Amino acid sequence: MSQAATLTPEVLDTLIALVREHTGIAMTARKSVLLERRLQPRLQELSLASYQAYLERVASDRDEVSHFIDLVTTNDTLFFRTPQVWDYFRDRYLPAWARAHPDACLQIWSAAAASGEELYSIAMLCEQFRLQSPAFRYQILASDISQQILAAARAGQYSGRSVERIRLSHPELLRKYFTATPYGVQVDDALRQHVSFAQHNLLEALRPPRQFDVVFLRNVLIYFDAEHQETVLRQARKSLKDDGRLILGESETIARLGTGYQFEFPMIYKTGEA
Ligand SMILES: C[S@@+](CC[C@H](N)C(=O)[O-])C[C@H]1O[C@@H](n2cnc3c(N)ncnc32)[C@H](O)[C@@H]1O
């Protein structure tokens, strides 16, 4: 039975190659326990007796590829994760951008949006900015490779740790932009009306092509090897306007990579020559 399925070194290698092929994520054999923990329940759901049988299923069934991607991606996120980034965005970026572009609509891409806490953090700061600059307009594209996590972002329903964190860090924004429900909170339409959602693999070109002022590409480069990091950064550059900003996660740096971005502040890069 599937409960007894074991991950042999050969099948593990094939699984790791499959993860890389479909997501770009670089895993090593040290991730075998993680892969087993995530995939074993799926084997049981499908009544499959072995990982080999599961590999064959993924190879022959496009819908299963989507499940596989949902299972192997790590979707941890938080509202207002890494406060320095939000201080920069609220206090420096938004006022300067609005002064320089009085008639334009700010285009933002949350490029590995996970369950949406990042994109609604962006939207809350943009809404707050509108209180002092009523003519300010903005649009956010939220994308992720995982259909399942993107559906959660679209639903905008939060509970548990997610809500506790924002209750502590930004209680006034929680009260203002969310409605309490029996299970937790629901993000209000005032934020949702500025957001569109798309499944997208960062290793590929964005379709249809778009140009953004700011790309939030946070806490996703860490999952890729240097080759794929460069590919992702090159693709992101094509979607950034000149004088755009690329915002990375705390433990990410692109200093070693020749990518056409210039350092502005820790985690914040400007677009240089394309
Ligand atoms: C740890 S979350 C980061 C969420 C958010 N950006 C943050 O910093 O809190 C990483 C996200 O990257 C997504 N991801 C992984 N590989 C991807 C790829 N090749 N293309 C697009 N998204 C990917 C995962 O599905 C996951 O939701």
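One can find the structure itself at the top, above this paragraph.
Residues numbered from 1 in each chain as written. Predicted model: local features only at pLDDT ≥ 70, side-chain atom pairs only at ≥ 80, totals over all residues. Heavy atoms only, no water.

So, about the sheet that holds strand β5 (residues 184–187). Strand order in the open sheet formed by three strands is β3-β5-β4, and the pairing between neighbours is antiparallel. Every interior strand has two partners, whereas the edge strands, β3 (157–158) and β4 (178–181), have only one. Judged from the two bridges that link them, β3 and β5 form a sheet pairing that is antiparallel. Considered in β5, the bridge of Tyr 158 is made with Val 185. (Pairing = 2+ DSSP bridges. Helix = DSSP H or I, 4+ residues; strand = E, 2+ residues; numbered from the N terminus.)

In this structure the tally under the stated criterion is zero disulfides. The closest cysteine sulfur to the non-disulfide-bonded Cys 105 is located on Cys 126, 9.5 Å from its own sulfur. (Disulfide = S-S within 2.5 Å.)

Another aspect to go through is helix α6 (residues 117–132). The first and last C-alpha atoms of α6 sit 24 Å apart over 16 residues, in line with the 22 Å expected at 1.5 Å per residue. Taking burial as the measure, the 16 residues of α6 include twelve buried ones, the bulk of the element. (Expected span 1.5 Å × (residues − 1). Buried < 20%, exposed > 50% of the residue type's maximum accessible area, 1.4 Å probe, protein only.)

This paragraph deals with the sheet that holds strand β8 (residues 240–247). Spatially, β6-β2-β1-β7-β8-β10-β9 is the arrangement adopted by the seven strands of the open sheet, whose pairing is mixed. Of all the strands in the sheet, the pair left with one neighbour each is β6 (195–199) and β9 (261–265). The mean angle between the axes of side-by-side strands here comes to 25°, regardless of whether they run parallel or antiparallel. Note: strand β1 (residues 105–110) against strand β2 (residues 137–144), six bridges, orientation parallel. Residue pairing in the sheet places Cys 105 in a bridge with Arg 137 of β2. Set on the sheet, α6 makes contact with β1, β2, β6 and β7 (212–216); between it and β2 the angle comes to about 180°. (Axes fitted to C-alpha atoms, helices over the stretch in contact; angles between N-to-C directions. Contact = heavy atoms within 4.5 Å.)

The next thing to look at is the site of the ligand. Near the ligand you find 21 residues, and of these Thr 23, Thr 77, Arg 81, Asp 144 and Asn 219 are the closest. Within the side chain of Asp 144, one N or O atom sits 2.6 Å away from an oxygen atom of the ligand. Separating a nitrogen atom of the ligand from a side-chain N or O atom of Asn 201 is a distance of 2.9 Å. Protein contacts shield 99% of the accessible area of the ligand, which totals 610 Å² for the unbound molecule. In terms of residue class, the shell around the ligand is made up of eight nonpolar, eight polar and five charged. (Near = heavy atom within 4 Å. Polar contact = N/O pair within 3.5 Å; in protein donor to acceptor, adjacent residues only side chain to side chain. Areas by Shrake-Rupley, 256 points an atom, 1.4 Å probe, with all protein chains shown as cover. Nonpolar A, V, L, I, M, F, W, Y, C, P; charged D, E, K, R; others polar.)

Turning to the pairing of β7, a few remarks are in order. With five of its five residues buried, β7 lies for the most part within the structure. In terms of strand pairing, β1 meets β7 through three bridges, oriented parallel. Residue Ser 110 lies in a different strand from β7, and its bridge partner there is Phe 216. The sheet contact formed by β7 and β8 spans four bridges and is parallel. Looking across to β8, one finds that Phe 212 is bridged to Leu 240. The β-α-β motif built from β7, the intervening helix α11 (residues 226–238) and the parallel element β8 has right-handed crossover chirality. (Right-handed = clockwise from strand over helix to strand, strands pointing away.)

What follows deals with the environment of Ala 96. For Ala 96, the position within the fold is in helix α5 (residues 83–100). Assessed through its relative accessible area of 36%, Ala 96 is described here as partly exposed. Through-space distance from the C-alpha of Ala 96 to that of Leu 55 is 51 Å; in sequence the pair is 41 residues apart.

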